[in-house]
Every structure is written in C-alpha cells, then in structure tokens.
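Chain by chain, the residues run as shown.
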Amino acid sequence: QVQLVESGGGLVQPGGSLRLSCAASGFTFSRYGMSWVRQAPGKGLEWVSEISNGGGGTYYADSVKGRFNISRDNAKDTLYLQMNSLKSGGTAVYYCAKYGHYYILDVWGQGTLVTVSS
C-alpha cells in the first residue's frame, strides 16, 4: 500500500543540525511533489518546505529559509530535510506528505519528533 515512513528525529541542541529522511513505497515516487509539514506541541500544522517531482523546484517557509534544505533521491524513493541552526523552542513533530490531485497533501507519514533543547 501507499506508505511514507519518516526517520532521523531526535534530541538536538540549539544551533545543531539534523537530517530527516522519508522513505516512500507503494507509488511512483518520482511522479509526485513532496512536502514537509511540522506541528509544535499544542499548535497547528505548519508547512515547512516542498519539492517538485524532479527536484528542480524547492520552496521554503520564511521561518526556515536559509537554514533548511529539502532534497530527494528518486532512485531511492526517499525525501530528505537537512535542518541546520535549529532554534530553541523548535521542538515539533515533522511529517512528510505527498501531493496528489488538486495540490492536496493526500498521503502522510506517521511523523518523527525533533526535540531542540539544551
């Protein structure tokens, strides 16, 4: 079945770096744009970044621009998010999601927790 599985979350100190991965299966990964979305404790979903199906187009929320980098390896059916200069208070669950018809995120992973704390 269609599935997205995130990994790479954990505890990191403010100013540190972390790389998240999202393994896709059950669909032709290279045909679809992908996105990262996060949710901080007690808050709503926040779109973080997205990448076109071929990887040539990348977009970022202002809050992460210049610090995060989204990429994908279509040969490995895997999406990545390199996070640098993580900020104190930046704890959140990060989800990867697939764009379907009408630009809707129609498949979501289970999320991976990133805790930013000293």
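Sequence order as written defines the numbering, with residues in each chain counted from 1. Restriction of local features to residues with pLDDT of at least 70 applies here, the model being predicted, together with a cutoff of 80 or more for giving and counting side-chain atom pairs; totals for whole chains, interfaces and linings are based on all residues. The side-chain values count all of the structure's non-hydrogen atoms but skip hydrogen atoms and water molecules.

Caption draft 1: Seen up close, the overall build of the chain. Scanning the chain from N- to C-terminus turns up 0 helices and 11 strands. Taken from N to C terminus, the helices and strands of the chain fall in the order β-β-β-β-β-β-β-β-β-β-β. Expected size for 118 residues packed as a compact globule is a radius of gyration near 13 Å; at 13 Å, the chain falls within 12% of this value. On the principal axes, the C-alpha backbone points of the chain span a range of 40 × 25 × 25 Å. To sort residues, take the accessible area from a 1.4 Å probe on protein chains only and compare it with the maximum for the residue type: under 20% means buried, over 50% means exposed, and anything in between is partly exposed. Burial statistics for the chain: of 118 residues in total, 42% are counted as buried. Note on contacts: a residue pair qualifies if any of its non-hydrogen atoms lie within 4.5 Å across the two residues. Counting contacts in the chain only where the partners sit at least 6 residues apart, residues at least 24 apart contribute 53% of the total. Of the roughly 6100 Å² of accessible surface on the chain, 49% is carried by carbon and sulfur atoms. Note that His is not counted, nor are the chain ends; the positive residues are Lys and Arg, and the negative ones are Asp and Glu. To locate a charge, take atom NZ for lysine, CZ for arginine, CG for aspartate or CD for glutamate. Side-chain charges in the chain split into 10 positive and 7 negative, and the spacing between the mean points of these groups amounts to 5 Å. Segments assigned H or I by DSSP are reported as helices when at least four residues long, segments assigned E as strands when at least two residues long, and all are numbered from the N terminus. Our radius of gyration is a C-alpha quantity, and the globule rule it is checked against amounts to 2.2 Å times the number of residues to the power 0.38. Every accessible area reported is derived by Shrake-Rupley at a probe size of 1.4 Å, with residue values counting cover from the shown protein chains alone.

Caption draft 2: Geometry of the packing of aromatic side chains. Side-chain rings of Phe, Tyr and Trp, where Trp is taken by its six-membered ring, are said to pair if the distance between their centres is within 6.5 Å; with planes under 30 degrees apart they count as stacked, over 60 as edge-to-face, and otherwise as tilted. Taken as a whole and judged by the stated rule, the model has 4 aromatic pairs. Aromatic pair Tyr 99 and Tyr 103: ring centres 4.4 Å apart, planes at 10°, arrangement stacked. By way of ring pairs, the aromatic residues Phe 27, Phe 29 and Tyr 32 are connected into one cluster. Counted as over-ring charges are cases with an Arg CZ or a Lys NZ within 6 Å of the ring centre that also lie within 35 degrees of the ring normal. A cation sits over an aromatic face here: Arg 72 above Phe 29, 4.2 Å from the ring centre. Taking the ring centre of Phe 27 as reference, the NZ or CZ of Lys 98 above it sits at 5.7 Å.

Caption draft 3: Structural context of the environment of Arg 19. Topologically, Arg 19 is positioned in strand S3 (residues 18-25). As a C-alpha pair, Arg 19 and Gly 8 span 11 residues in sequence and 6.1 Å in three-dimensional space. Aside from chain neighbours lying at most four places away, what touches Arg 19 is Ser 7, Gly 8, Tyr 80, Leu 81 and Gln 82.

Caption draft 4: Here's a closer look at the side chain of Arg 67. Tracing the backbone shows Arg 67 in the loop between strand S6 (58-60) and strand S7 (68-73). Distance and chemistry together define a polar contact, namely a pair of N or O atoms within 3.5 Å, with one atom able to donate a hydrogen and the other to accept it when in protein, and with adjacent residues in sequence counting only for side-chain atoms on both sides. Here Ser 85 takes part through its backbone oxygen, which lies 2.8 Å from a polar atom of the side chain of Arg 67.

Caption draft 5: Here's a closer look at unusual backbone geometry. Its identity is not glycine, yet Asp 77 carries a phi of approximately 55°, on the positive side. On the secondary structure map, Asp 77 appears in the loop between S7 and strand S8 (78-83). Even without being glycine, Tyr 103 reaches a positive phi, approximately 60°. According to the relative accessible area criterion, Tyr 103 is exposed, its value standing at 55%.

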